[in-house]
Amino acid sequence: MTSPLGALWANVDFRRYYVAQLLFSGVMGTMRFLFPWLVVKLTDWSSAEGLVLMAFGLPALLVSVPAGALSDRLDRKTLYVTWTVASGVVCLAFGIWVAAGDVTPRWTAVAALVLGATFAIVAPTVHAIVPDLVRGERLMNAGAMQNGGVRASI
């Protein structure tokens, strides 16, 4: 008899999805620490750290519900891949900007807002895509595993 975890890992589509969303969630969690740390290094204004954290989190409040509705109406795989790639492009561009030494606290807040928005769009799709990959008796196991993976990587 195959264990529930073994059955899920045998599903190639779920396995690829799980690893991708685990990596994406890890990046998202890391960014929650990197943006405030960067602002602390750029300025000694104590409120800047909180403002950047707010800029990173505000899109989740404003965008998640419409993004969830969007993920119910559009192809979830396309939505997930598109916005995950967009998040990567924003991270790469901002990383190059930081490496060049030209970034300011204000632009860090803007980048946090944009990146937070891309994360907020991807987040509902991450949950909504599971039933497309796993059906029947393994769906609850897949949902629990997916949710646990997201929580562990943040």
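Preceding this paragraph is the structure being described.
Small disclaimer: the values here were computed from a predicted structure and weren't measured.

Brief notes about the pattern of salt bridges
Summed over the entire model, instances satisfying the criterion amount to two salt bridges. Three or more residues are tied together by salt bridges with common partners; here these are D72, R76 and D132.

Concerning the packing of aromatic side chains
In total, this model carries 10 aromatic pairs according to the counting rule given. Ring centres 6.1 Å apart and planes at 55 degrees place the aromatic pair Y17 and Y80 in the tilted group. A residue pair is termed long-range when its members are at least 10 positions apart, and Y17 in helix α2 (residues 12–42) and Y80 in helix α4 (residues 76–100) qualify at 63 residues. Ring centres of F94 and W97 lie 6.2 Å apart, and the angle between their planes is 85 degrees; this geometry places the pair in the edge-to-face category. Of the two residues, F94 and W97 are both situated in helix α4; the distance of three residues between them amounts to about one turn of the helix.

Description of a nonpolar patch on the surface
A cluster of nonpolar side chains, contributed by W45, L51, M54, L58, L61, L62 and L113, occupies part of the molecular surface with about 740 Å² of accessible area. Among the elements that take part in the nonpolar patch, helix α3 (residues 47–73) stands out by supplying five residues, more than any other. Assignment of secondary structure puts L51 in helix α3. On the basis of relative accessible area, L51 is assigned to the partly exposed category, the value being 40%.

Notes on the packing of α3 against helix α5 (residues 105–128)
For the pair α3 and α5, interaxial distance at closest approach is 7 Å and the crossing angle is 35 degrees. For the pair α3 and α5, the sense of crossing is right-handed. Residue composition of the contact of α3 with α5, by class: 17 nonpolar, six polar and no charged.

Observations concerning the nonpolar core
Ranked by internal contacts, the top residues of the largest apolar core, which has 30 residues, are F14, M31, F35, F56, L115 and F119. Looking at this core, the elements with two or more residues in it are α2, α3, α4, α5 and α7 (139–153). Sort the elements by how many residues they give to this core and α2 lands first, with nine residues. Each residue touching L115, except ones within four places of it in the same chain, is listed here: M31, F35, F56, S87, V90 and C91.

A closer look at the environment of G6
Along the chain, the position of G6 falls in helix α1 (residues 4–10). Residue class for G6 comes out partly exposed when judged on its relative accessible area of 29%. Put simply, G6 and Y17 are 11 residues apart on the chain and 15 Å apart in space, counted from C-alpha to C-alpha.

Considering the side chain of S87
With respect to the helices and strands, S87 occurs in helix α4. Among the polar contacts listed, one links the side chain of S87 to the side chain of T118, at a separation of 2.8 Å.

Notes on the side chain of Q21
Of note, Q21 is situated in helix α2. Here Q21 falls in the buried class, since its relative accessible area comes to 0%. Within polar-contact distance, the side chain of Q21 engages the backbone oxygen of Y18 at 3.3 Å.

Some details on the environment of V103
Along the chain, V103 falls in the loop between α4 and α5. For V103, a relative accessible area of 10% corresponds to the buried category. Residues V103 and L42 lie 61 residues apart in sequence; the distance between their C-alpha atoms is 8.5 Å. In this view, V103 contacts L38, L42, F94, W97, V98 and T108; residues no more than four positions away in its chain are not counted.

Criteria and cut-off values
Residues numbered from 1 in each chain as written. Predicted model: local features only at pLDDT ≥ 70, side-chain atom pairs only at ≥ 80, totals over all residues. Heavy atoms only, no water. Salt bridge = Lys/Arg side-chain N within 4 Å of Asp/Glu carboxyl O. Phe/Tyr/Trp six-rings, centres within 6.5 Å; stacked < 30°, edge-to-face > 60°. Helix = DSSP H or I, 4+ residues; strand = E, 2+ residues; numbered from the N terminus. Patch = residues over 30% accessible without salt bridge, like charges linked within 9 Å, V, L, I, M, F, W, Y side chains within 5 Å. Areas by Shrake-Rupley, 256 points an atom, 1.4 Å probe, with all protein chains shown as cover. Buried < 20%, exposed > 50% of the residue type's maximum accessible area, 1.4 Å probe, protein only. Axes fitted to C-alpha atoms, helices over the stretch in contact; angles between N-to-C directions. Left-handed = near helix turned anticlockwise from the far one by under 90°. Nonpolar A, V, L, I, M, F, W, Y, C, P; charged D, E, K, R; others polar. Core = buried A, V, L, I, M, F, W, Y, C linked by side-chain atoms within 4.5 Å. Contact = heavy atoms within 4.5 Å. Polar contact = N/O pair within 3.5 Å; in protein donor to acceptor, adjacent residues only side chain to side chain.

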